[in-house]
There are 2 protein chains.
Amino acid sequence: MAELDLIRYIREHTPGAPGVLVGPGDDAAVLAWAGADAVVLATDAVVEGTHFASGAAPEVVGWKALCENLSDLAAMGAEPVACTATLALRPELPESFARGFHAGLVRAAERFACPLVGGDVVTTAGPIVATVTVLGRAPGSAVWTRGGARAGDTLFVTGELGGSLASGKHFSFVPRLEEMRALRERGCVTACIDISDGLARDLGHLCRESSTGAEIEQASIPLSAAARAAADPLASALGDGEDFELLFAVQPGSADALAREWSLATPLARIGRLTPPEEGLRLAGPGGTRPLPDLGYEHPVG
Amino acid sequence: MAELDLIRYIREHTPGAPGVLVGPGDDAAVLAWAGADAVVLATDAVVEGTHFASGAAPEVVGWKALCENLSDLAAMGAEPVACTATLALRPELPESFARGFHAGLVRAAERFACPLVGGDVVTTAGPIVATVTVLGRAPGSAVWTRGGARAGDTLFVTGELGGSLASGKHFSFVPRLEEMRALRERGCVTACIDISDGLARDLGHLCRESSTGAEIEQASIPLSAAARAAADPLASALGDGEDFELLFAVQPGSADALAREWSLATPLARIGRLTPPEEGLRLAGPGGTRPLPDLGYEHPVG
């Protein structure tokens, strides 16, 4: 089953409806609502053997299941409001698994002000599947889609990239909500995505939706310690999955001031710029400019 | 793993938050919102081998996955707004499964005006797990919880009960949204639940939340054709799962007019009344009044 083909199929076969400002295909859905704020919904599932190993501590699975959804809200520029969760479990599993999962989820829910407001627990004969849905609000109905950028915009990324699975960051990352708020206050972001499939692939998503190309400066890509320790640090930063950092575009006239005035602890790196679509995705490195390697992370079945 | 113990645990260990009007434990979550309407969220998962057989047509699985959530919205007195879905699939499954699931879900989404606005497709090595989350709105923030009824209120049920799995109704039922609207217009409902675990068990949920007992008249229970064909029709109507009918309480002074003026095609049956809590759950039959059998449906693992 080709996931991207399927997603395209679903986008093409899902009718629109009045009030749905952003439907399937972005990081979250956005709905017009009575009042000044739009409702924002995002949902993600994590599966034993695919997104976490069978021996993983349930607390970190619960934390991750909510935080990867909060990362989607951050990528939309939306504030968390509430979440729901479903958990499909084998009946022979100790109840401590579900309690641990819940504890991790609630810990994240409290820390990030996104209360758990509902859910379902069901029985499966196979791998554990946990699904979390987050409800957010977009003040004044303004959100950051993937499709709002233009050629000429400057590309930034939060944090450091690569090696998230090797370092354990994929279980302990902090969704970039504070960073999102700082950016929203400035009003300069034209498009945003959270990096879950690797920089190269998620940049491709943003460019496709914005109808642009991009040129990335190799020396500007912020490498994590785990990426620097990898056999191919660049490939790790471009292709490893589950960074859960924000990749975003800003109006070119706002880039210098943003870089200069950024005061949060999380690093902010200016990594390149968007180009006309016919230029494709390129990487400017010591040996010149070449096509950006088509690296990207797909979850194995373990 | 005892599901009810776990649900209690979750309710007790999930912090409340400002704006959460109804959190875990009812049919759906309710959140105060800017504007006159509250946001309502419900979520449910269906699992291959638990809620549907491996050979089930994916279209009916998709239909059911959304409709059981819409039944939860109906039970809250809430209007559907939008839904999201996640699907965990084995990679060797043909893509036609996911497309069929999506087609069934979208068919229900169009029929009941609840557009699909987002989702996730992930890989599992085991049984298929589909999770749907619905977003609804409660006009004027008025909802029907399970806990709003009082001793003396009259109990009604929509439709006919029992034999849903035998007859296939569990795959083709129509969520009781029209009936909900007719009831909401009258303003007489004090508590409501949809019957998914069988009348006896779901009545128990309503009574526990409302701090009441109940007395049901055996002759008034509407038996489905499948229940009448069963070895024990009463046990089928009391204990079979997945009826997806509404069980609700109304103020005693409104019961006669409701029964007299009900004009929808779906039958409405007055089946009993709520009593003080110390009287427990009772069944009035030809041989006198006895405790209501503690029947109820739990999904097997198949």
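All of these numbers come straight from a predicted model, not from anything done at the bench. (Residues numbered from 1 in each chain as written. Chains lettered and ligands numbered in written order. Predicted model: local features only at pLDDT ≥ 70, side-chain atom pairs only at ≥ 80, totals over all residues.)

**Overview of the overall build of chain A**
Consideration 1: Of the regular secondary structure elements, chain A holds 10 helices and 13 strands.
Consideration 2: Residues classed as buried in chain A amount to 55% of the 302 residues present.
Consideration 3: Counted over contacts in chain A with a minimum sequence separation of 6, partners at least 24 positions apart contribute 83%. (Helix = DSSP H or I, 4+ residues; strand = E, 2+ residues; numbered from the N terminus. Buried ≥ 20, exposed ≤ 12 C-beta atoms within 10 Å, placed from the backbone. Contact = placed C-beta atoms within 7 Å.)

**Topic: the sheet that holds strand 7 (residues 154-158) of chain B**
Residues and elements named next belong to chain B.
Consideration 1: With mixed pairing, seven strands are arranged side by side in an open sheet as 8-10-7-11-9-12-13. The two strands at the open ends of the sheet, each matched to only one other strand, are strand 8 (189-194) and strand 13 (288-291). Shown here is a sheet whose adjacent strand axes are inclined to one another by a mean of 25°, direction ignored.
Consideration 2: Sheet topology note: the strand 8/strand 10 (residues 246-250) ladder contains five bridges and is antiparallel. Counted as the bridge partner of Asp 194 is Leu 246 from strand 10. (Pairing = 2+ DSSP bridges. Axes fitted to C-alpha atoms, helices over the stretch in contact; angles between N-to-C directions.)

**Remarks on the nonpolar core**
Consideration 1: Membership of the largest hydrophobic core comes to 170 residues, with the highest contact counts inside it found for Val 40, Leu 66, Cys 83 and Ala 130 of chain A together with Leu 66, Cys 83 and Ala 130 of chain B.
Consideration 2: Not counting residues within four places of it along the chain, the set of residues in contact with Leu 66 of chain B comprises Cys 83, Leu 105, Ala 108, Ala 109, Cys 114 and Val 132 of chain B. (Core = buried A, V, L, I, M, F, W, Y, C linked by C-beta atoms within 7 Å.)

**Details of the sheet that holds strand 12 (residues 281-285) of chain A**
Residues and elements named next belong to chain A.
Consideration 1: The seven strands lie next to each other as 8-10-7-11-9-12-13, forming an open sheet whose pairing is mixed. Of all the strands in the sheet, the pair left with one neighbour each is strand 8 (189-194) and strand 13 (288-291). Here the strands of the sheet are splayed against their neighbours by 25° on average, with no regard to which way each runs.

**Here's the deal with the domain arrangement of chain A**
Residues and elements named next belong to chain A.
Consideration 1: One can read the domain layout of chain A as domain 1 (27-141) and domain 2 (154-291).
Consideration 2: A straight line from the C-alpha centre of domain 1 to that of domain 2 covers 25 Å.
Consideration 3: Listed as interface residues are 12 residues of domain 1 and, on the opposing side, 14 residues of domain 2.
Consideration 4: Taken together, the residues of the side of domain 1 that touches domain 2 break down into six nonpolar, two polar and four charged. (Domains from an automatic or database assignment. Nonpolar A, V, L, I, M, F, W, Y, C, P; charged D, E, K, R; others polar.)

**So, the packing of helix 2 (residues 58-76) of chain B against helix 3 (residues 95-111) of chain B**
Residue and element names in this part refer to chain B.
Consideration 1: Packing of helix 2 against helix 3 leaves a shortest axis separation of 6 Å and a crossing angle of 45°. Compared by their axis directions, helix 2 and helix 3 come out oblique. For the pair helix 2 and helix 3, the sense of crossing is right-handed. Along the contact surface, helix 2 presents Pro 58, Glu 59, Val 60, Val 61, Gly 62, Trp 63, Ala 65, Leu 66 and Cys 67, while helix 3 presents Phe 97, Gly 100, Phe 101, His 102, Ala 103, Gly 104, Leu 105, Arg 107, Ala 108 and Ala 109.
Consideration 2: Each residue belonging to the contact of helix 2 with helix 3 can be placed in one class, and the counts come to 13 nonpolar, four polar and two charged. (Parallel < 35°, antiparallel > 145°, perpendicular 65-115°, else oblique. Left-handed = near helix turned anticlockwise from the far one by under 90°.)

**Considerations on the pairing of strand 7 of chain B**
Residue and element names in this part refer to chain B.
Consideration 1: Within strand 7, five of the five residues are buried, which leaves the element mostly enclosed by the surrounding structure.
Consideration 2: Across the two faces of strand 7 the burial is the same, with Thr 154, Phe 156 and Thr 158 and Leu 155 and Val 157 all buried.
Consideration 3: When strand 7 meets strand 11 (residues 268-275), the two strands line up antiparallel, connected through five bridges. Each residue of the ladder has a partner; that of Val 157, found in strand 11, is Ala 269.

**Points about helix 3 (residues 95-111) of chain A**
Residues and elements named next belong to chain A.
Consideration 1: Taking 1.5 Å as the rise per residue, helix 3 with 17 residues should run 24 Å; its terminal C-alpha atoms sit 24 Å apart, in good agreement.
Consideration 2: By the burial criterion, the buried members of helix 3 are Ala 98, Phe 101, His 102, Gly 104, Leu 105, Val 106, Ala 108 and Ala 109.
Consideration 3: Ala 113 sits one or two residues past helix 3 and shows a positive phi near 55°. (Expected span 1.5 Å × (residues − 1).)

**Comments concerning the confidence of the model for chain A**
Consideration 1: Per-residue confidence for chain A averages 88 on the pLDDT scale, and 86% of its residues sit at or above 70.
Consideration 2: Across the whole predicted complex the pTM is 0.89, and at the interface the ipTM reaches 0.88. (pLDDT = per-residue confidence, 0-100.)

**A few points about unusual backbone geometry**
Consideration 1: Positive phi outside glycine occurs at Ala 113 of chain A, with the angle close to 55°.
Consideration 2: Here Ala 113 of chain A is to be found in the loop between helix 3 and strand 5 (116-123).
Consideration 3: A positive phi angle, close to 55°, is found at Ser 211 of chain B, a residue other than glycine.
Consideration 4: Along the chain, Ser 211 of chain B falls in the loop between helix 7 (199-210) and strand 9 (213-217).

**Considering helix 6 (residues 177-186) of chain A**
Residue and element names in this part refer to chain A.
Consideration 1: All of the buried residues along helix 6 are Leu 177, Glu 179, Met 180 and Leu 183. Across the axial projection of helix 6, the buried residues extend over an arc of 155°, all falling on one side.
Consideration 2: Along its buried surface, helix 6 packs onto helix 2 (58-76), strand 7 (154-158), strand 8 and strand 10 (246-250).
Consideration 3: Immediately beyond the C-terminal end of helix 6, within one or two residues, lies Gly 187, with a positive phi of roughly 70°. (Arc of directions from axis to C-beta.)

**Some thoughts on the pairing of strand 4 (residues 79-89) of chain A**
Along any regular strand, the residues point their side chains to alternate faces of the sheet.
Residue and element names in this part refer to chain A.
Consideration 1: Most of strand 4 is tucked away: 11 of the 11 residues are buried.
Consideration 2: In this structure, strand 4 lies alongside strand 6 (residues 129-138), joined through nine bridges in antiparallel fashion. Paired with Glu 79 across the two strands is Arg 137, which belongs to strand 6.
Consideration 3: Where strand 4 meets strand 5, seven bridges bridge the pair, whose relative direction is parallel. Note that in strand 5 the partner of Thr 86 across the bridge is Asp 120.
Consideration 4: Each parallel crossover has a hand, and the one from strand 4 via helix 3 to strand 5 is right-handed. (Right-handed = clockwise from strand over helix to strand, strands pointing away.)

**Topic: the environment of Ala 259 of chain A**
Residues and elements named next belong to chain A.
Consideration 1: Of note, Ala 259 is situated in helix 10 (residues 255-261).
Consideration 2: Taking the C-alpha atoms as reference points, Ala 259 and Phe 173, separated by 86 residues in sequence, lie 23 Å from one another.
Consideration 3: When near neighbours in sequence (up to four residues on either side) are disregarded, Ala 259 contacts Leu 268 and Arg 270.

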